[in-house]
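Single-letter residue listing:
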Amino acid sequence: MFSLPSPCSALIAATYFLTVSATTVSSNTTAACTAISGASIETLSLSSDALNPEFVDAKNHYWSAANADLSPACAAFPTSAEEVSSIVSTLLQYPDVKFAVKSGGHNPNVGWSSVDGGVLIVMSNLGNTTFNPGDNTAHVGPGARWKDVIGALEPYGVAVVSGRLGDVGVGGLTLGGGLSFLSGQYGLVCDNVVNYEVVLANASIVNANASNNPDLFFALKGGGNQFGIVTSFTMKTHPIGTNGQVWGGIRSYAGIYSEQIINATQAFTENYFHDPKAAVIVTGEVAIDTLLEIFVVFFFYDGETVPAGVFDAFNAIPTISDGTKTQTYSDLLNGDDNTNLYGLRYLIRGATLPNLPAPTGQSLLLTHYNTWKAYVLLNSPLHPGFIFSLAFQPLPAIIPAHSAEAGGNALGMDARNGDFIWMEYDVSWLTALGDEDAHAMAINITATGKAQVAQTYGGKGLVNSNWQAGGASIGEGDGKGGENLYFLNDAMYDQETLQSYGEGNYETLKAVQRAVDPEGLFWGRTGGFKFT
Ligand SMILES: Cc1cc2nc3c(=O)[nH]c(=O)nc-3n(C[C@H](O)[C@H](O)[C@H](O)COP(=O)(O)OP(=O)(O)OC[C@H]3O[C@@H](n4cnc5c(N)ncnc54)[C@H](O)[C@@H]3O)c2cc1C
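Owing to the predicted nature of the structure, the values given are computational and were not obtained by experimental measurement. One numbering rule holds for all chains: residues counted from 1, following each sequence as written. Since the coordinates come from a predicted model, pLDDT governs what is reported: local features require at least 70, and pairs of side-chain atoms require 80 or more to be given and counted, while whole-chain, interface and lining totals use all residues. The side-chain quantities take in all heavy atoms of the structure and omit both hydrogens and water.

**Digging into unusual backbone geometry**
For the peptide bond that leads from Ala358 to Pro359, omega is 5 degrees, which places it in the cis range. The numbering of helices and of strands both runs from the N terminus, where a helix is a DSSP run of H or I of at least 4 residues and a strand a run of E of at least 2. Looking at the secondary structure, you find Pro359 in the loop between strand E17 (345-354) and helix H13 (360-379). Of note in the backbone geometry, Asn136 takes a positive phi value of approximately 50 degrees without being a glycine. Exposure categories follow from relative accessible area, calculated using a 1.4 Å probe and restricted to protein chains: below 20% of the type maximum is buried, above 50% is exposed, and the middle band is partly exposed. Overall, Asn136 belongs to the partly exposed group, its relative accessible area being 41%. Located in the positive-phi region is Asn466, a residue other than glycine, with phi close to 60 degrees. Note on placement: Asn466 falls in the loop between helix H15 (435-457) and helix H16 (503-516). Residue Asn466 is classed as partly exposed on the basis of its relative accessible area, which comes to 29%.

This is the structure in structure tokens:
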């Protein structure tokens, strides 16, 4: 009996058959799929396995349902770097065949980890985590989800610097830099990678680390997916919690407390360096159908109890619900997954806001929030299930300082610029009828917010909290890791993310990309942020 892995409804089933039957597959793609299968690599094809649950899962199980509109001609499930290399060799023989690499499937940009009529390389069989107590590192498979990685390391009392929701994939998050609850202590996720095993565009398997292929190593630290297919990450591990326990979880608040919540967020960011074991993600949400406005705040502390003072400003605000408690890190990541809803179409767009010292910084964030809310309420056409949210993600100067200590990364951040907040703007909706409006609104939302910050605060010599001599002031951060940086993991397909890393870093990354992929296997045949 055919069954879909997600809640099965007539609509989902009908959509599945429509998308499957609308896909055309070229003879070369069929030949490539046959060759991959002929090399004894598990391969399921649209023509003969469309109802196989594993194929359905590969095609359909994406965070944004818009990716499931695409149907791969075949899905290949490699179990080793050698098998990935064999797939790349086959792709090289068929230069017009498109492909995509899929890890956790959380990136909402359509056609990046999904492909229509091409070869989908599903990394799920490369998902093991092993701990190396000798040097306190872990080998982490790119097809794993963070909950599996953290669960596997928990018996040893250690963790890697991970994603903040357990269901997200290791591959995409790590290649985009990766912001973690542990970043205040140890830097971005990529700052904690000591070796990448990669299959390059010529099908060779290489290691990239501080000694071997150091340019590629640098580029992979936040430069995205255009350099090769990563088959293993070696990551530093760190002790986690006290007695295996951390504190945190999710609280929700009514929208009437927006000012207190935003003030607390600014102050938390400014004071982050006092206790880098703490972290928050502060999200505001507006549902267009109901006009319901709420805040959902994710809390984390790397210890079983929180010292006084750390979250006091948040604690003073009345909650609608409070799920914070002492628990294991893996339970906390699994609990955060309660906000990880499947079945909707999503877009994520990113921006960076300055965290100016209080009170100016508080007024900047509050004005920004109110501008966003007013725009959303005034301009939203009524589509079923439209929900808008934005997330304030503190990026204190201690994070780029850790990045520098670890040898630097591709993002071009500079700790002297002080504290920032990485903003994430989400739009979710139900059906393809809303696609056009959702895309246009996502673009306008960030344009409006950016203009507001530039006009009110730019060019006045204002500097962020924890700014140090030599850092950029607001409005002159271009190319200096300032407020024009786009965090790749939160960026929408049209945002000039790699360019925002600064001209020097952009040119360095581009040179590496052209050196490892001169024929354009990645830039010509799969999605991702490109070098122009
Ligand atoms: C609910 C949710 C929570 C999130 N939380 C965080 C967070 O805490 N921190 C953070 O930094 N970001 C976070 N993100 C953003 C997330 O990091 C990006 O969306 C990321 O691209 C998802 O990675 P993935 O492996 O799940 O996605 P996928 O869609 O599978 O992959 C994303 C991209 O990476 C490429 N890719 C994947 N694996 C490989 C590989 N092995 N080799 C080469 N290319 C590869 C894919 O081809 C694709 O282009 C979150 C996103 C969502 C939706």
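**A short note on the domain arrangement of the protein chain**
Domains are outlined according to an automatic or database domain assignment. On domain assignment, one finds that the protein chain holds domain 1 (10-125), domain 2 (129-240) and domain 3 (246-331 + 342-507). Relative to domain 3, the C-alpha centre of domain 1 lies at a distance of 34 Å. We call two residues in contact when some of their heavy atoms are within 4.5 Å. Listed per partner, the contact involves eleven residues of domain 1 and eleven residues of domain 3. A quick way to say it: buried area is the sum, across both parts, of accessible area lost when two parts are put together, with a 1.4 Å probe. Between domain 1 and domain 3, roughly 1,000 Å² of surface is buried when both sides are summed, and carbon and sulfur atoms account for 57% of that area.

**A closer look at the packing of aromatic side chains**
Put simply, two rings from Phe, Tyr or Trp (the six-membered ring, in Trp's case) pair if the centres are within 6.5 Å, and we call them stacked under 30 degrees between planes, edge-to-face over 60, tilted for the rest. For the coordinates displayed, the defined rule picks out 22 aromatic pairs. Both rings, one in Phe268 and one in Tyr272, keep their centres 5.0 Å apart while their planes meet at 55 degrees; by these two values the pair is tilted. Between Trp422 and Phe487, the aromatic rings sit 4.1 Å apart at their centres with planes inclined by 10 degrees, giving stacked as the arrangement. Of this pair, Trp422 sits in strand E19 (residues 420-429) while Phe487 sits in the loop between H15 and H16; the two residues are 65 residues apart in sequence, bridging distant segments of the chain. Put simply, the rings of Trp247, Phe268, Tyr272, Phe299, Phe311 and Phe314 touch in pairs and so form one group of aromatic residues. Two conditions define a charge sitting above a ring: the NZ of Lys or the CZ of Arg must be within 6 Å of the ring centre, and it must be within 35 degrees of the ring normal. Sitting above the plane of the Tyr62 ring, Lys102 keeps its charged end 3.9 Å from the centroid. The ring centre of Phe299 lies 4.7 Å from the NZ or CZ of Arg251, which sits over that ring.

**Overview of the packing of H13 against H15**
Angle between the axes and distance between the axes are the two parameters that describe a pair of packed helices. One way to put it is that H13 packs onto H15 with a least axis distance of 10 Å and a crossing angle of 145 degrees. When the axes of H13 and H15 are compared, the crossing they make is right-handed. In this structure, H13 uses Thr360, Ser363, Leu364, Thr367, His368, Thr371, Trp372, Tyr375, Val376 and Asn379 to contact H15, whose residues at the interface are Met441, Asn444, Ile445, Thr448, Gly449, Gln452, Val453 and Tyr457. Think of it as three bins: nonpolar holds Ala, Val, Leu, Ile, Met, Phe, Trp, Tyr, Cys and Pro, charged holds Asp, Glu, Lys and Arg, and polar takes everything else, Gly as well. Classifying every residue of the contact of H13 with H15 gives eight nonpolar, ten polar and no charged. Lines fitted to the C-alpha atoms define the axes, with helices restricted to the stretch that makes contact. Angles between their N-to-C directions range from 0 to 180 degrees. Less than a right angle of anticlockwise turn of the near helix away from the far helix marks a crossing as left-handed, whereas a clockwise turn marks it as right-handed.

**Structural notes on the UniProt feature "domain: FAD-binding PCMH-type" (unreviewed entry) in the protein chain**
UniProt positions are given in the numbering used here, feature names are shortened, and annotations may be inferred rather than shown by experiment. According to UniProt, the positions carrying the feature "domain: FAD-binding PCMH-type" (unreviewed entry) are residues 68-240. Secondary structure across residues 68-240 divides into 22% helix and 24% strand, with the first and last C-alpha atoms of the span separated by 37 Å.

**As for the packing of helix H10 (residues 258-270) against H13**
The interhelical angle for the contact between H10 and H13, taken along N-to-C directions, is 130 degrees, at an axis separation of 9 Å. When the axes of H10 and H13 are compared, the pair comes out oblique. In terms of crossing hand, the pair formed by H10 and H13 is right-handed. Residues Ser258, Glu259, Ile262, Asn263, Gln266 and Ala267 of H10 lie in contact with H13, whose contacting residues are Gly361, Gln362, Leu365, Leu366 and Tyr369. When an angle is under 35 degrees it counts as roughly parallel; over 145 it counts as roughly antiparallel; between 65 and 115 it counts as roughly perpendicular; any other value is oblique.

**Some remarks on the sheet that holds strand E6 (residues 137-140)**
An order of E5-E6-E10-E8-E9 is seen for the five strands of this open sheet, with the pairing classed as antiparallel. Of all the strands in the sheet, the pair left with one neighbour each is strand E5 (129-132) and strand E9 (205-208). Put simply, the sheet's adjacent strands are angled 15 degrees from each other on average, direction ignored. Pairing analysis gives four bridges linking E5 to E6, with the strands arranged antiparallel. In the strand pairing of E6, Thr130 is matched with His139. Helix H5 (residues 81-93) contacts strand E8 (193-199), E9 and strand E10 (229-236) of the sheet and is inclined by roughly 45 degrees relative to E8. Where helix H6 (residues 146-153) meets the sheet, it contacts E5, E6 and E10, and its direction lies at approximately 35 degrees from that of E5. One requirement defines pairing of two strands: DSSP has to find at least two bridges between them.

**Things to note about the sheet that holds strand E1 (residues 43-45)**
Judged by pairing direction, the sheet is mixed, and its four strands sit side by side in the order E1-E2-E4-E3 without closing on themselves. In this open sheet, the two strands that pair with only one neighbour each are E1 and strand E3 (99-102). On average, each strand axis in the sheet is tilted by 20 degrees relative to the strand beside it, whichever way the strands run. The sheet contact formed by strand E2 (residues 74-76) and strand E4 (residues 119-122) spans three bridges and is parallel. Residue pairing for E4: Cys74 is matched across the bridge by Val119. Strands in contact with helix H2 (residues 27-38) are E1, E2 and E4; relative to E1, the strand with the most contacts, it is inclined by about 150 degrees.

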